[in-house]
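In case you want the letters, here they are:
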Amino acid sequence: MNFASFGFLAFLAILTLVYFLVPKKVQWIVLLVGSVVFYAFAGFVGFFFLLFAIVISFVTVQILGKRQAALKKYLEDTKETLTKDERKAYRAKHKNGSLLVVCIGILLLTASLVYVKYLSGFINSSLSFGSGAISFGSLAIEVMGISYYTFISIGYMIDVYREKAAVERNFFRHALFVSFFPQLAMGPISRYADTGEQLKATHSFDAKESWCGLLRILWGFFKKLVVADAIAPTIGYIVSEKLGGIYFILLCLFYSIRIYGDFTGGIDIVLGSAQILGIKLPENFNRPFSSKSTAEYWNRWHMTMGNWFTNYIFYPLSLTKSMQKLSKWGRAKLGVGIGKRLPVYTATIITWLATGLWHGFAWNFVVWGLLNGVVILISQELNPLYEKFRARFPKLWHSAPYQSFMAVRTFLLMSLIRVFDCYCDVPLTFDRFFSTFYTFNIGEIFNGGLLELNVSLTQYIVIAVGIVVMMIVSRLSIKKPLRETLWEKPVLGNAIMALLCIAILVFGSYGLGFDASAFIYGGTFN
Amino acid sequence: MKKRIIRIISFALALVAVIGATLYLGAVLQDARLDNREGHLLCGYYDTTDPHDVIFIGDCEVYEGFVPATLFEEYGITSFVRGSSQQTVWQSYHILEETLERETPKAVVFNVLALHYGKTPSESISRMSLEDMEWSKQKIDAIRASMTEEESFLSYFLPILRYHSRWSELDSDDFKHAFDKHADITHQGYLMQTHSDPVDTSDTRQPEAMLEALPERAIEYLDKMTALCKEKGVELILVKAPTNSIRYYWYPEWDAQMVAYAEKNGLAYYSMIGKDEEIGLDWSKDTYDKGLHLNVYGAEKVTSYFGKILAEDHGLTDHRGDSAISAIWEERINSYYNERGEK
């Protein structure tokens, strides 16, 4: 079920009605049934993979829970008889056993993810596909959201292993935590601490939450349908025609706008839907295009993915014995400074490589991931230089023009890295990038070239207005979301809601003649 | 409390504004979309109150091939054409259902060309027929039967969902006439074409080899039409109007299939393919698009030819002696000749 569809809106409306009409103690059952129905639209095979993730993660956390209880009891019972060292040794041995359990769970879930997302790539000896589809001759399956629920499940198992999350004993409540429908298609990747207890709790209808959730859904539709999908034909044209020079620069800018509108719009629909039901999912974006550095950007863009990779890959990797050995070796051979940073840098590169591969088993994602990692490391290496500059020219550093310059610089850099998504062809991307140095065709776009990119002048105007509105809303949402401010001003708020609806209905790219309404992250990175 | 009331009222007003704007803009955008003659061929029927002896049903070969004014003028037979562009047989069936709810003619003449469609060939052309119908159970059934996979049923109730992308093509006139009723541009369903564009005799292209028999789905709907006419006591007559083009070629195998069908169901079937001489058709003058469709001169000849069959073989009454009916038709015939330019 596509979020950008009337089917989804009807589904959400019916579910909301039932959710608030049934006795509160069965609300979670309504959500579980709703999630099953939502997922059923994606097909039976996909449902099997979801069930597999639910069962594996449930069994794993039950075993972990029992082991933890047994350990606690044993240590309690032997409090008087064992020495401190014996207790420590027993605890370490026990922990190794639990580690083995969680590793088996992770391995099984990773295997199903790899099977769906990557196996056909190996079979075909090709690194060219990016979707979660596998194909064996005539058998082809699409498994919606497998990355998201797999990551949610793995995160939960690790959190239980680390004793940072409680063990859910009820299989069906656990199933709801893993499969809660709004986050299935494009995230966010929530942790048990984010949603576990909320999904168990009862919820009364809250007019403010519902109104804000509805406005957020509409805002998501606006970003997706009026801006992101409207600019999509231009991107498609520049890529398919392999246009270079100024068009490559336009592609970088347009694609950034598109993916921002598409992904943040989709997340707005997801979070708004959950908000109507009284569930607060973790935010996934925090004004990413205002970032002054790449590291800051990744703290503001797809935040739950970043947190997941940091918590479950980067930190564990940095603390492994191998990394400690590497650090020791580095200190001895390359000096203390480099040796100290070597494990962190190695873990950074591996984490980013994994992030790239998560997006898709293709060279463009590998290069995209590595480039992000390298840029972040270079930025960190240059940090002392920046600090000196900051100390030397504090006034200039804090001035609005310089802050804007840093934001624009980061935006352009990220746009450039992101463009690898467009071509899905690394040499071609580099070739088109270098064309900007020898193809001087800037005049073309002012002589009608812009209008030959499958978008008319009036459509450009609507897109431009849409971008300006997005910038204003972003600016007005620094302290608190604009929708909450508007809730306090009902006449203005409802007028804006009506205008949003009309703008989406008239200017939105939907229906016959438009084929872009599937979300990028919901489709490609499933 | 006061704020709560303001909140509820302003939300209700916003809802009303969205619904109003959706309906109004939908009408404006749909109207702009239908700003061509072939989008208004069915609506004229709803204004007629007098009964008809014959109802013609079908596609372009019907609304450009049979002239009710000529049929009355020459044979005193009252008729109406319920034809529309690329009208598929499932649309024809539901239009027939709708027609038979309103009146019981003596005969229904169905042109068989559209039987070669197994599915709706064009969403946009299909909509021209469907949106021109008045809302009824039959219209809903016709929509359901005609919808392509990509379409949403909701878009027929809320045209803005289908036509919103035309916003940049609107002009001020579109806003002024959004809810205006369209004038009937036909003559009892006949769409007049007065210019000539002769058949290109140097074109030696041959029709492609026939791939398959008439689709099962089309025959199923023809069965439904046959059953409906029997139930209502109306004679169903099958015709194939003449054409001289390899596009929409009527294969001899299809013709044989129709002959067999007519025989099996006790129906009359008249194919006018190869009857140019009998009809008197001159393809250098009687077509406006190189033989694909007839112009008014060709249509009058076909109507004269077929009217004779209707009068002689199907016993349809000559109403020319009935002064009340003649008075009505005199007016219609005058209007017809006013557009045609001569009498």
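Rules behind the numbers
- Residues numbered from 1 in each chain as written.
- Chains lettered and ligands numbered in written order.
- Predicted model: local features only at pLDDT ≥ 70, side-chain atom pairs only at ≥ 80, totals over all residues.
- Heavy atoms only, no water.
- Helix = DSSP H or I, 4+ residues; strand = E, 2+ residues; numbered from the N terminus.
- Rg over C-alpha atoms; globule rule 2.2 N^0.38 Å.
- Buried < 20%, exposed > 50% of the residue type's maximum accessible area, 1.4 Å probe, protein only.
- Contact = heavy atoms within 4.5 Å.
- Areas by Shrake-Rupley, 256 points an atom, 1.4 Å probe, with all protein chains shown as cover.
- Lys, Arg positive; Asp, Glu negative; His and termini not counted.
- Charge placed at Lys NZ, Arg CZ, Asp CG, Glu CD.
- Pairing = 2+ DSSP bridges.
- Buried area = accessible area lost by both parts, 1.4 Å probe.
- Salt bridge = Lys/Arg side-chain N within 4 Å of Asp/Glu carboxyl O.
- Domains from an automatic or database assignment.
- Polar contact = N/O pair within 3.5 Å; in protein donor to acceptor, adjacent residues only side chain to side chain.
- Nonpolar A, V, L, I, M, F, W, Y, C, P; charged D, E, K, R; others polar.
- Core = buried A, V, L, I, M, F, W, Y, C linked by side-chain atoms within 4.5 Å.
- Axes fitted to C-alpha atoms, helices over the stretch in contact; angles between N-to-C directions.
- Parallel < 35°, antiparallel > 145°, perpendicular 65-115°, else oblique.
- Patch = residues over 30% accessible without salt bridge, like charges linked within 9 Å, V, L, I, M, F, W, Y side chains within 5 Å.
- Expected span 1.5 Å × (residues − 1).

Engineer: How would you explain the overall build of chain B if you had to name every residue and give the values?
Structural biologist: Looking only at helices and strands, one finds 14 helices and 5 strands in chain B. Its C-alpha radius of gyration of 22 Å places chain B within 12% of the 20 Å reference for a compact globule of 343 residues. Seen along its three principal axes, the alpha-carbon backbone of chain B occupies a region of about 85 × 50 × 45 Å. In chain B, which comprises 343 residues, the share counted as buried stands at 55%. Intrachain contacts of chain B at a sequence separation of at least 6 include 83% that bridge at least 24 residues. Counting only carbon and sulfur atoms, one obtains 52% of the accessible surface of chain B, whose full area is about 15700 Å². A gap of 9 Å separates the mean positions of the 35 positive and 57 negative side-chain charges of chain B.

Engineer: Explain the pairing of strand β1 (residues 54-58) of chain B to me, using residue names and the numbers behind them.
Structural biologist: Residue and element names in this part refer to chain B. Burial runs high along β1: 5 of the 5 residues are buried. Neither face of β1 is open: one carries Val54, Phe56 and Gly58, the other Ile55 and Ile57, and all of them are buried. Bridge count for β1 against strand β2 (residues 79-83) is 5 bridges, and the pairing is parallel. When the bridges of β2 are listed, Ile57 appears paired with Arg82. Looking at chain direction, β1 and strand β3 (residues 107-111) are connected through 4 bridges and run parallel. For Ile57, the partnering residue across the bridge sits in β3 and is Phe110.

Engineer: Which residues make up the interface of chain B and chain A, and what values go with them?
Structural biologist: Contact residues are listed per partner, giving 22 residues for chain B and 22 residues for chain A. Note on chain B versus chain A: buried area summed over both sides is about 1900 Å², and carbon and sulfur give 76% of it. Together, Arg7, His164 and Trp167 of chain B form the three largest contributors to the area buried by chain B at its contact with chain A, with a combined 33%. Where chain B touches chain A, the interface holds 1 salt bridge. Glu488 of chain A is the partner of Lys3 of chain B in a salt bridge, and the nearest nitrogen-oxygen pair spans 3.5 Å.

Engineer: Can you break down the environment of Pro68 of chain B residue by residue, with the values?
Structural biologist: Residues and elements named next belong to chain B. On the secondary structure map, Pro68 appears in helix α3 (residues 68-75). As a C-alpha pair, Pro68 and Tyr190 span 122 residues in sequence and 7.2 Å in three-dimensional space. Excluding residues that lie within four positions of it along the chain, Pro68 makes contacts with Ile77, Ser79, Phe80, Val81, His187, Gln188, Tyr190 and Trp329.

Engineer: Please give an account of the domain arrangement of chain A that cites residues and values.
Structural biologist: Residue and element names in this part refer to chain A. Parsing chain A into structural domains produces domain 1 (6-206), domain 2 (207-285 + 425-526) and domain 3 (289-420). One C-alpha centre belongs to domain 1, the other to domain 2; they are set 31 Å apart. Roughly 2400 Å² is buried in total at the junction of domain 1 and domain 2, and carbon and sulfur atoms are behind 68% of that figure. Sorting the residues of domain 1 by area buried against domain 2 places Met186, Pro188 and Asp206 first, and these three jointly supply 28% of that buried surface. Summed over the shared surface of domain 1 and domain 2, the result is 0 salt bridges. There are 6 residue pairs in polar contact (both at pLDDT 80 or more) connecting domain 1 and domain 2. Of all the secondary-structure elements, those providing two or more residues to the side of domain 1 that touches domain 2 are α1 (6-21), α6 (146-161) and α8 (192-200). Its residues placed into classes, the side of domain 1 that touches domain 2 shows 19 nonpolar, 12 polar and 4 charged.

Engineer: Lay out the nonpolar core with the relevant residues and their values.
Structural biologist: If you look at the biggest cluster of nonpolar residues, it comprises 135 residues, and the most contacted ones within it are Leu31, Tyr149, Phe180, Phe181, Ile279 and Trp298 of chain A. Ranked by the residues each element gives to this core, the list is headed by helix α10 (residues 246-276) of chain A, at 18 residues. Counting residues in hydrophobic clusters, the runner-up holds 44 residues, among them Ile57, Ile95, Ala114 and Trp250 of chain B.

Engineer: So, the packing of α6 of chain A against helix α7 (residues 171-179) of chain A: which residues are in play, and what are the values?
Structural biologist: Residues and elements named next belong to chain A. One can describe the packing of α6 onto α7 by two numbers: an axis separation of 8 Å at closest approach and a directional angle of 125°. Between α6 and α7, the crossing angle belongs to the class labelled oblique. Packed against α6, whose contacting residues are Tyr149, Ile152, Ser153 and Tyr156, the element α7 presents His174, Phe177 and Val178 at the interface. Split by residue class, the contact of α6 with α7 holds 5 nonpolar, 2 polar and no charged.

Engineer: Give me the lowdown on a nonpolar patch on the surface, citing residues and values where you can.
Structural biologist: Together, Phe6 and Leu9 of chain A together with Trp135, Leu154 and Phe157 of chain B give the surface a local cluster of nonpolar side chains, amounting to about 460 Å² of exposed area. The set of elements that each furnish at least two residues to the nonpolar patch consists of α1 of chain A together with α7 (154-157) of chain B. Relative to the assigned elements, Phe6 of chain A resides in helix α1. Residue Phe6 of chain A is classed as partly exposed on the basis of its relative accessible area, which comes to 41%.

Engineer: Could you give an account of the packing of helix α3 (residues 44-77) of chain A against α6 of chain A, with specific residues and numbers?
Structural biologist: All names here are of chain A. For the pair α3 and α6, the least separation of the axes is 9 Å and the interaxial angle reads 5°. Viewed along their axes, α3 and α6 adopt a mutual orientation that is roughly parallel. Counting all contacts with α3, which are made through Gly46, Phe49, Leu50, Ala53, Ile56, Ser57, Thr60, Val61, Leu64 and Gln68, the residues of α6 involved are Ile146, Tyr149, Ser153, Tyr156, Met157, Val160 and Tyr161. Each residue belonging to the contact of α3 with α6 can be placed in one class, and the counts come to 12 nonpolar, 5 polar and no charged.

Engineer: Provide a residue-level description of helix α20 (residues 426-438) of chain A, including the pertinent values.
Structural biologist: Helical periodicity: at 3.6 residues per turn, an α-helix aligns residues three or four positions apart in one direction. Residues and elements named next belong to chain A. Between its first and last C-alpha, α20 extends 19 Å over 13 residues, near the 18 Å set by a 1.5 Å rise per residue. Among all positions in α20, only Val426, Leu428, Thr429, Arg432, Ser435 and Thr436 are buried. Where the residues of α20 are buried, they touch α10, α15 (363-381) and α19 (420-423). Residue Asp425 occupies the N-cap position of α20, its side-chain oxygen lying 3.2 Å from the main-chain nitrogen of Leu428.

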